[in-house]
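The lines below spell out each chain.
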Amino acid sequence: MNKITGGKAVKSPGLLSLIITILFAGLIIFAGAAEPSGPGDFTSNQFSKSGICSNCHGSSFGEWAGSMHSLADSDFFYNAMLQEYGVAAEAQGLSPEFCSRCHTPIGVVSSEIPPLDGSHLSEVSKEGVQCDFCHVVAESEGIGNAPYILEPGSVKWGNREDAESPSHETEGHEFYDDSAYCGMCHNIYHPVNNLTLAATYTEWEESPYAENGVNCQACHMTPGIVKFEKNPGKAASSGPKREHVYTHHFVGANAFVTGEMGEGRHEKRAIEYLQNAAKLEVNASDSAEPDENVEVEVKITNVGAGHKIPTGVTEEREMWLELTVSDSEGKELYHSGALDSKGGIDPEATVYHTVFADTDGKPTVKVWEAASIFSDNRIGPKESVIEKHSFIMPENASNPISTKAVLHYRSASQVHIDELFGEGTYDVPVIDMATYPEEEEKSSTPGFGMLGAVVALSLGSVFRRIKK
Ligand code: HEC
Ligand code: HEC
Ligand code: HEC
Ligand code: HEC
Ligand code: HEC
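So, here is what we can say about the structure in this document. (Residues numbered from 1 in each chain as written. Chains lettered and ligands numbered in written order. Predicted model: local features only at pLDDT ≥ 70, side-chain atom pairs only at ≥ 80, totals over all residues. Heavy atoms only, no water.)

## Overview of the sheet that holds strand S9 (residues 278-284)
1) Next: Pairing in this open sheet of 3 strands is antiparallel, and the strands run S9-S10-S17 from one edge to the other. Of all strands in the sheet, those bounded by a partner on one side alone are S9 and strand S17 (384-392). Here the strands of the sheet are splayed against their neighbours by 20° on average, with no regard to which way each runs.
2) Next: Bridge analysis of S9 against strand S10 (residues 293-302) gives 7 bridges, and the strand direction is antiparallel. Bridge pairing links Ala284 to Val296 in S10. (Pairing = 2+ DSSP bridges. Helix = DSSP H or I, 4+ residues; strand = E, 2+ residues; numbered from the N terminus. Axes fitted to C-alpha atoms, helices over the stretch in contact; angles between N-to-C directions.)

Rendered as structure tokens:
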């Protein structure tokens, strides 16, 4: 957020600077005294349903409807985990509304939650992370665990100083154009032991994107896929023409829940985001002698995401490489990263995600049981990892040999979804983020895609492209 820069400080100590210091100290104490909004601070009828905003902000509404923000409360996967949390919370005396602060914020501040089964929720609370909630955040106490300070009512805060509306007051607030706004909810800490459970904001803050001023909004509130693209038009039907109006799709990587809940536009866009996030390069020879030890190196680079891949609830997400080497007759010589009949990933393959351990050191996906990080091998923004594979060339194989690599992603393991909902209920889709050799239609990606091209060129001597 706004930092007071050294250059602007008063140089010589004097009465004026003393007064300023006292005033600042006062402000800091005042700001520190503000408490995040909590249960019972408001009633849900102090918030407008999104359909009301839609009368004048039809485009924003159309983009938001079907987003994971609009589904944050109704999401079946979230709700299944929430019920498990509810049982543990009751047994262990944990705060029952912990999860809902981010997923059903109006429900929490209006004391409609608990109960966690949602039976007391009003219609506006069921809209999850919705218009009037997001636009009455007057302040935030910091990053993580949703420390928002709300002022529901006639003022709608936004990114513009000069907005005028016939139906509400407006107030420009730089905070809305800052990643820290998203950071309120996109960093999650364990409510008791403070372990970091999700850190999309911190991953971004430590990345070159933060240094270059590319914030969350630049990639997630623009029509451009993973790069900022202007969206000229009107922010409200009766408002003036604007050079850029921030879009509200808030698309990330969730093609599973959007797809199952019938939100095809968001599902399709999530696949596009995933397919612009990573780049594969392969270093492999195209011939080998019988009994030779053949080595294959695959380099995975995070070229498009402003945080690690995957990010967010990475105890659930899975990203892994499938590698196939075949001889000239199409006979498979080596295969790693395939799925078994139950949808489990080849145990030999590296799965990029976070594994939490409970107090006994056992892996768990129930974040409330997490006591430490067992492992975390995800790929940072603009960073790469190299996977090394090898196999022995069989006697009867024929040259040349060809290598195919595919980077897969899915929102959760099939095994975990089957445990939650029963086998055969949901098929978790596997999205191909990147393939090698590259498919024709993907090579024309502009913008950040260029970065991939530069990386590929500079490494050309080591990682060469095999022509089809
Ligand atoms: C009767 C029409 C109307 C309704 C209903 C309406 N707005 Fe607006 N709103 C406007 C107009 C006009 C503007 C100014 C647009 C501009 O200047 O580009 C605006 C601007 C805004 C801004 C930008 C403020 C800023 O300073 O950047 C936000 C945020 C906003 N509205 C939120 C909402 C929300 C949330 C709702 C529903 C609770 C809502 N509006 C309902 C007409 C309306
Ligand atoms: C997750 C919180 C969030 C939700 C949900 C949300 N907004 Fe916004 N909205 C923002 C932020 C943040 C900005 C400013 C982006 C920036 O400046 O970088 C914004 C900008 C706007 C603007 C001004 C756009 C412009 O560029 O002039 C309007 C109008 C608006 N929102 C209306 C709505 C309406 C209507 C809804 C519901 C359909 C909605 N918002 C839902 C966070 C949200
Ligand atoms: C009040 C808390 C809150 C705020 C503030 C918030 N988000 Fe979210 N966001 C959520 C929750 C909760 C979900 C996930 C809902 C689910 O999966 O059930 C989510 C989901 C998303 C997703 C979709 C992830 C996927 O897997 O597809 C994106 C992208 C996203 N948010 C971006 C943003 C950006 C950008 C901002 C800031 C402008 C922001 N969010 C502000 C709570 C918030
Ligand atoms: C340079 C562009 C860029 C920036 C900046 C960026 N993102 Fe993303 N984001 C992406 C791409 C591409 C994906 C899809 C690949 C992936 O899952 O990481 C994504 C995915 C996500 C997801 C879904 C991850 C998952 O696997 O479930 C969330 C949540 C998200 N972003 C939130 C944020 C937040 C919050 C910020 C700011 C702190 C941010 N993003 C900054 C490009 C960006
Ligand atoms: C500080 C805010 C916050 C809190 C608290 C929180 N979540 Fe979330 N949750 C999010 C965000 C943001 C995402 C989306 C990240 C991503 O896409 O990977 C999310 C996504 C999820 C998902 C994945 C949903 C999907 O459709 O893929 C599940 C499951 C989930 N949360 C369960 C919970 C449970 C259970 C709790 C309480 C123990 C909880 N969350 C507490 C912010 C929060």
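## Some thoughts on the coordination of the iron atom of ligand 5
1) Next: Coordination of the iron atom of ligand 5 by the protein comes from a single atom, His103 (NE2), at 2.2 Å.
2) Next: With respect to the helices and strands, the residue His103 is situated in helix H5 (residues 100-103). (Donors = N, O, S within 2.8 Å, 3.2 Å for Na, K, Ca; no water.)

## Observations regarding helix H14 (residues 414-421)
1) Next: Turning to H14, its buried residues number three or more, namely Gln414, His416, Ile417 and Asp418.
2) Next: Gly422, located one to two residues past H14, shows a positive phi value of around 95°. (Buried < 20%, exposed > 50% of the residue type's maximum accessible area, 1.4 Å probe, protein only.)

## Re the pattern of salt bridges
1) Next: Tallied over the full model, the rule gives 12 salt bridges.
2) Next: Of the charged contacts in the structure, one is a salt bridge between Lys227 and Glu229, with a shortest N-O distance of 3.6 Å.
3) Next: In this structure, Arg378 engages Asp376 in a salt bridge whose closest nitrogen and oxygen atoms are separated by 2.8 Å.
4) Next: On the basis of relative accessible area, Asp376 is assigned to the partly exposed category, the value being 34%. (Salt bridge = Lys/Arg side-chain N within 4 Å of Asp/Glu carboxyl O.)

## Regarding the packing of helix H4 (residues 76-92) against H14
1) Next: Remark: H4 packs on H14, axes separated minimally by 11 Å, with the N-to-C direction vectors making an angle of 65°. Overall, the two elements H4 and H14 adopt an arrangement that is roughly perpendicular. Regarding H4 and H14, the two cross each other, and that crossing is left-handed. On H14, the residues that touch Phe76, Phe77, Ala80, Met81 and Glu84 of H4 are His416, Ile417, Leu420 and Phe421. (Parallel < 35°, antiparallel > 145°, perpendicular 65-115°, else oblique. Left-handed = near helix turned anticlockwise from the far one by under 90°. Contact = heavy atoms within 4.5 Å.)

## With respect to the site of ligand 4
1) Next: If you check the shell around ligand 4, you find 27 residues, and the closest are Cys216, Cys219, His220, His307 and Tyr409.
2) Next: Interatomic distance of 2.8 Å between a side-chain N/O atom of His220 and a nitrogen atom of ligand 4.
3) Next: A distance of 3.4 Å separates an oxygen atom of ligand 4 from a polar atom in the backbone of Thr311.
4) Next: Secondary structure elements with two or more residues in the shell around ligand 4: helix H9 (200-205), helix H11 (216-220) and helix H13 (264-274).
5) Next: When grouped by side-chain class, the residues that make up the shell around ligand 4 number 16 nonpolar, 9 polar and 2 charged.
6) Next: For the shell around ligand 4, the two domains that each supply at least three residues are domain 1 (36-218) and domain 2 (278-458). (Near = heavy atom within 4 Å. Polar contact = N/O pair within 3.5 Å; in protein donor to acceptor, adjacent residues only side chain to side chain. Nonpolar A, V, L, I, M, F, W, Y, C, P; charged D, E, K, R; others polar. Domains from an automatic or database assignment.)

## Considering the side chain of Ser326
1) Next: Within the element layout of this structure, Ser326 appears in strand S11 (residues 318-326).
2) Next: By relative accessible area, Ser326 is classed as buried at 16%.
3) Next: The contacts of Ser326, once residues within four sequence positions are left out, are Lys331, Glu332, Leu333, Pro400, Ile401 and Ser402.

## A few points about the sheet that holds strand S15 (residues 363-364)
What links the strands of a sheet is backbone hydrogen bonding, and the strands pair in either a parallel or an antiparallel sense.
1) Next: Strands sit in the order S15-S14-S16 across an open sheet of 3 strands; the sheet is antiparallel. Of all the strands in the sheet, the pair left with one neighbour each is S15 and strand S16 (372-376).
2) Next: With 4 bridges joining them, strand S14 (residues 354-357) and S16 adopt antiparallel strand pairing. Bridging from a neighbouring strand, Thr354 pairs with Asp376 of S16.

## Points about the pairing of S14
1) Next: Neither face of S14 is open: one carries Thr354 and Phe356, the other Val355 and Ala357, and all of them are buried.
2) Next: With 2 bridges joining them, S14 and S15 adopt antiparallel strand pairing. Paired with Ala357 across the bridge in S15 is Pro363.
3) Next: Between the antiparallel neighbours S14 and S15 lie 5 residues, among them Gly361 with a positive phi of about 80°.

## Examining unusual backbone geometry
Across the chain, the bulk of peptide bonds are trans and the bulk of non-glycine residues have phi less than zero.
1) Next: The step from Ile113 to Pro114 runs through a cis peptide bond, and the omega angle for that step is -10°.
2) Next: In this fold, Pro114 is placed in the loop between helix H6 (105-109) and helix H7 (131-134).
3) Next: Here Ile309 and Pro310 are connected by a cis peptide whose omega angle stands at -15°.
4) Next: Inspection of the secondary structure assignment puts Pro310 in the loop between S10 and S11.
5) Next: Backbone geometry places Val226, a non-glycine residue, at a positive phi of 55°.
6) Next: With a phi close to 70°, Asp291 is a non-glycine residue in the positive phi region.
7) Next: Take Asp291: it is sitting in the loop between S9 and S10.

## Concerning the environment of Arg242
1) Next: Take Arg242: it is sitting in strand S8 (residues 241-242).
2) Next: Reaching out from Arg242, the side chain makes a polar contact with the side chain of Asp162 at a distance of 3.0 Å.

## Re the coordination of the iron atom of ligand 2
1) Next: Every protein donor of the iron atom of ligand 2 is listed here as His135 (NE2) and His248 (NE2), and their distances to the metal cover 2.0 to 2.1 Å.
2) Next: Taken together, the 6 donor atoms coordinating the iron atom of ligand 2 and their angles of 86 to 179° define a geometry best described as octahedral. Of the two residues, His135 is situated in the loop between H7 and strand S1 (137-140) and His248 in the loop between S8 and helix H12 (256-260); the sequence distance between them amounts to 113 residues.
3) Next: When its relative accessible area of 16% is taken as the criterion, His248 is described as buried. (Tetrahedral: all angles 85-135°; square planar, octahedral: opposite > 155°, others 65-115°.)

## Section: the packing of aromatic side chains
The relative placement of two aromatic rings is captured by the distance of their centres and the angle of their planes.
1) Next: Summed over the entire model, instances satisfying the criterion amount to 16 aromatic pairs.
2) Next: With a centroid separation of 5.6 Å and 75° between ring planes, the pair formed by Phe76 and Phe421 is classed as edge-to-face. Taken together, the positions of Phe76 in helix H4 and Phe421 in helix H14 put the pair 345 residues apart, joining distant regions of the chain.
3) Next: Here Phe76 falls in the buried class, since its relative accessible area comes to 14%.
4) Next: Classification of Phe421 by relative accessible area gives partly exposed; the value is 23%.
5) Next: Ring centres of Tyr85 and Trp368 lie 5.5 Å apart, and the angle between their planes is 70°; this geometry places the pair in the edge-to-face category. Taken together, the residues Tyr85 in helix H4 and Trp368 in the loop between S15 and S16 connect sequence positions 283 residues apart.
6) Next: Exposure remark for Tyr85: the relative accessible area of 2% places this residue in the buried category.
7) Next: Here Arg101 stacks its cationic end above the ring of Tyr148, 4.6 Å away from the centre of that ring. (Phe/Tyr/Trp six-rings, centres within 6.5 Å; stacked < 30°, edge-to-face > 60°. Lys NZ or Arg CZ within 6 Å of the ring centre and 35° of its normal.)

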